[in-house]
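# Summary of structural features
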Amino acid sequence: MTAACLRTEDRAGGIRLIAMMEPDRRNALSDAMRGALRDALRLAHDDPAVKAILITGSGGCFCAGGDIKGMGQPAPVALERLEVVHDVIRLIALGPKPVVAAVEGVAYGGGMSLAACCDVVVAAEGARFCASFSRVGLVPDMGAMWSLPRRMGAARAQRMMLDGREVKGPEAVELGLADLLADGDTVDTAVAEAQRLVPAAPLPAAHLRPIIARYHGDLTAVLAAEREAQAALFATRDHDEARRAFLEKRAPEFNGA
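### Focus: the nonpolar core
Residues Phe 62, Phe 129 and Leu 148 are the most contacted members of the largest nonpolar core, which totals 64 residues. The biggest single contributor to this core is helix α2 (residues 75–94), with 10 residues. By size, the runner-up hydrophobic cluster in this structure holds 13 residues, among which are Ala 19, Ala 52, Val 191 and Ala 194.

Next comes the structure, spelled out in structure tokens:
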């Protein structure tokens with residue numbers, strides 16, 4: 001399957017590679033990218049020849065997060081866009097097949113969330129993770145308030161989401177945000193890791209992943225609460241100011257309204 005913003009490729013051992021292919025936009029989560037990711041994940045989970053899934057970016061970048069130019073929509077439209085990426089997160093976290101992220105360059109905002117909900121995160125030495133949501137006046141979304149505490153512990157995750165600092169590859173592994181540094185080529189390392197995750201008996205594994213996701217931190221509840229919070233924040237002047245400031249390349253002036 002090939003889409004304008006996405007490329008898929010089958011590797012040895014039943015590994016389906018899904019690559020985001022808009023490097024000039026740092027693979028930002030445009031409406032087209034959101035829909036293409038959802039479709040590709042559905043196809044991969046439904047294909048009996050696929051045993052594990054690998055998500056990566058292109059152009060030395062994983063994903064810069066939300067498409068700022070696509071923000072500023074009325075709240076109902078913004079929530080429809082949010083629901084698409086919620087589908088993506090559900091497919092990764094609750095689907096029957098393991099998912100590995102190969103992260104090079106930036107994984108900011110929703111890009112960080114996309115990686116963090118995967119079973120394994122393989123980071124390049126120069127990978128850069130950041131929970132940058134507060135910069136646009138929003139709470140962390142795409143399940144970050146579920147995945148980061150599971151990976152890092154609640155206190156570390158909360159601090160990272162509040163201060164919005166950048167974490168590079170080696171520190172990300174140390175904190176638990178990523179699982180291992182790439183040994184050579186990032187995608188090749190991630191493919192090898194995905195092959196190790198392929199279960200000998202696929203049916204029990206298909207039950208195991210959603211059980212852990214649901215009962216060791218309730219993903220469904222977090223996504224519902226996240227949707228409610230974003231619905232309130234999409235309409236704020238602070239969010240609009242943050243969006244305009246980003247596009248105008250200046251610092252935002254927040255006033256708590």
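### Comments concerning the pattern of salt bridges
Counting across every chain of the model gives 21 salt bridges. The salt bridge involving Asp 87 is made with Arg 38; its shortest N-O contact spans 2.8 Å. Here Asp 87 is found in helix α2, whereas its partner Arg 38 is found in helix α1 (residues 31–46), with 49 residues between them in sequence. Among the salt bridges present, the one from Arg 165 reaches Glu 171, with a minimum N-O distance of 2.7 Å. Through salt bridges with shared partners, a single network forms among Arg 38, Arg 42, Glu 83, Asp 87 and Arg 90.

### A few points about the sheet that holds strand β8 (residues 128–130)
Strand order in this open sheet of three strands is β6-β8-β9, and the pairing throughout is mixed. Strand pairing shows two members of the sheet lacking a second neighbour, β6 (106–108) and β9 (166–168), which therefore form its edges. Looking at each pair of strands side by side, their axes are set apart by 20° on average, direction ignored. The sheet contact formed by β6 and β8 spans three bridges and is parallel. For Ala 107, the partnering residue across the bridge sits in β8 and is Phe 129.

### Things to note about the packing of α1 against α2
Packing of α1 against α2 brings their axes to within 9 Å, and their N-to-C directions diverge by 30°. One finds that α1 runs roughly parallel with respect to α2. Handedness of the α1/α2 crossing: left-handed. Contacts from Asp 31, Arg 34, Gly 35, Leu 37, Arg 38, Leu 41, Arg 42 and His 45 in α1 reach Arg 81, Leu 82, Val 84, Val 85, Asp 87, Val 88, Leu 91 and Ile 92 in α2. Considered class by class, the residues forming the contact of α1 with α2 number eight nonpolar, two polar and six charged.

Rules used throughout
Residues numbered from 1 in each chain as written. Predicted model: local features only at pLDDT ≥ 70, side-chain atom pairs only at ≥ 80, totals over all residues. Heavy atoms only, no water. Core = buried A, V, L, I, M, F, W, Y, C linked by side-chain atoms within 4.5 Å. Buried < 20%, exposed > 50% of the residue type's maximum accessible area, 1.4 Å probe, protein only. Helix = DSSP H or I, 4+ residues; strand = E, 2+ residues; numbered from the N terminus. Salt bridge = Lys/Arg side-chain N within 4 Å of Asp/Glu carboxyl O. Pairing = 2+ DSSP bridges. Axes fitted to C-alpha atoms, helices over the stretch in contact; angles between N-to-C directions. Parallel < 35°, antiparallel > 145°, perpendicular 65-115°, else oblique. Left-handed = near helix turned anticlockwise from the far one by under 90°. Contact = heavy atoms within 4.5 Å. Nonpolar A, V, L, I, M, F, W, Y, C, P; charged D, E, K, R; others polar.

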